[in-house]
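Results of the structural survey
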Amino acid sequence: MAIVVLVVVLALFWLITGVRVVQQYERGVVFRLGRVREQVRQPGLTLLVPVVDRMRKVNVQVVTMPVPAQEGITKDNVSVSVDAVLYFRVVEPIKATVDVQNYSFAMLQVAQTSLRSIIGKSELDDLLSGRENLHQGLEIMLESPATGWGVHIDRVEIKDVSLPDSMKRSMARQAEADRERRARIITADGEFQAAAKLAEAAVTMSETPAAMQLRLLQTVVEVAAEKNSTLVLPFPVELLRFFEASAARAAEGGSAPAPAVPAQAPSDAG
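Residues numbered from 1 in each chain as written. Predicted model: local features only at pLDDT ≥ 70, side-chain atom pairs only at ≥ 80, totals over all residues. Heavy atoms only, no water.

**Focus: the sheet that holds strand E6 (residues 63–73)**
The three strands are arranged E6-E7-E8 in an open sheet whose pairing can be described as antiparallel. Every interior strand has two partners, whereas the edge strands, E6 and strand E8 (151–162), have only one. With strand direction ignored, the average angle separating the axes of adjacent strands in the sheet is 25°. Two elements, strand E7 (residues 79–90) and E8, share 10 bridges in a ladder whose sense is antiparallel. Looking at E8, one finds that Tyr87 is bridged to Arg155. (Pairing = 2+ DSSP bridges. Helix = DSSP H or I, 4+ residues; strand = E, 2+ residues; numbered from the N terminus. Axes fitted to C-alpha atoms, helices over the stretch in contact; angles between N-to-C directions.)

**Let's talk about the nonpolar core**
The biggest cluster of nonpolar side chains holds 34 residues, and the ones touching the most others in it are Val80, Val82, Leu86, Phe88, Tyr103 and Met107. For this core, the secondary-structure elements that each account for two or more residues are E6, E7, helix H3 (103–121), helix H4 (124–128), helix H5 (131–148) and E8. At eight residues, H3 tops the list of elements feeding residues into this core. Once residues within four sequence positions are removed from consideration, Val82 is found in contact with Pro68, Ala69, Gln70, Leu115, Ile119, Leu127, Ile158, Asp160 and Val161. (Core = buried A, V, L, I, M, F, W, Y, C linked by side-chain atoms within 4.5 Å. Buried < 20%, exposed > 50% of the residue type's maximum accessible area, 1.4 Å probe, protein only. Contact = heavy atoms within 4.5 Å.)

**Focus: the pairing of E7**
Of all the 12 residues making up E7, nine are buried; the element is thus mostly covered by neighbouring parts of the structure. Examined bridge by bridge, E6 and E7 share nine bridges and lie antiparallel to one another. Paired with Met65 across the two strands is Leu86, which belongs to E7. Linking E6 back to E7 in an antiparallel pair, the connection comprises five residues, with Asn77 at a positive phi of about 65°.

The structure is reproduced here in structure tokens:
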């Protein structure tokens, strides 16, 4: 009876200390007397040798790690503060457990160092608009140490770029000046095209006098459609020129000296 009780107690002790459950998102790394076992325990129920084996569970989910803002000076001498976000996951649990003490902390430090390096090698325009190339550069810089630690980099992205207030004001003035320049160019181009069309219309109307009369009548109709008490009638410019020429001739005729009358000789008396 004592033997049966002893066997039952040993079985319960083995169940308590030797049976482990590995979740679907985990992998188990087993150490037997301090030496790592090459076989990684898969999700499900796994058995360990009591007292001899120790198992460490490693999460293989994708980890989202925010990289704190790093201050630096860009290649074109602009002070900026850049923060990023890093996505990675463990693909080799043994390396992540044995080769590095804390892979999450190590990845954070490498990400901060790589981000500062990218800031110094890039210009401000690249940080603001050309981020795809910077993302690829960051991923390449992080991939080398991460591979030795059994970590795979899914993606890394720059999240925000903070600029000094003086630089923001300068960029706003630059954008305003550029928009004003484009507005002036568009206005001038419109005036140029309108002048060309008006010149073509003037040539056409000069060849056909009736077209000018029709245009004048159309203008009268457009003005009369406003339902106002003012009636506008077009006055031909040629008529003004005729009056001007007549006035000039009249002025010239009035100022001309009168013709001299010849004096008569006195007649002899008687």
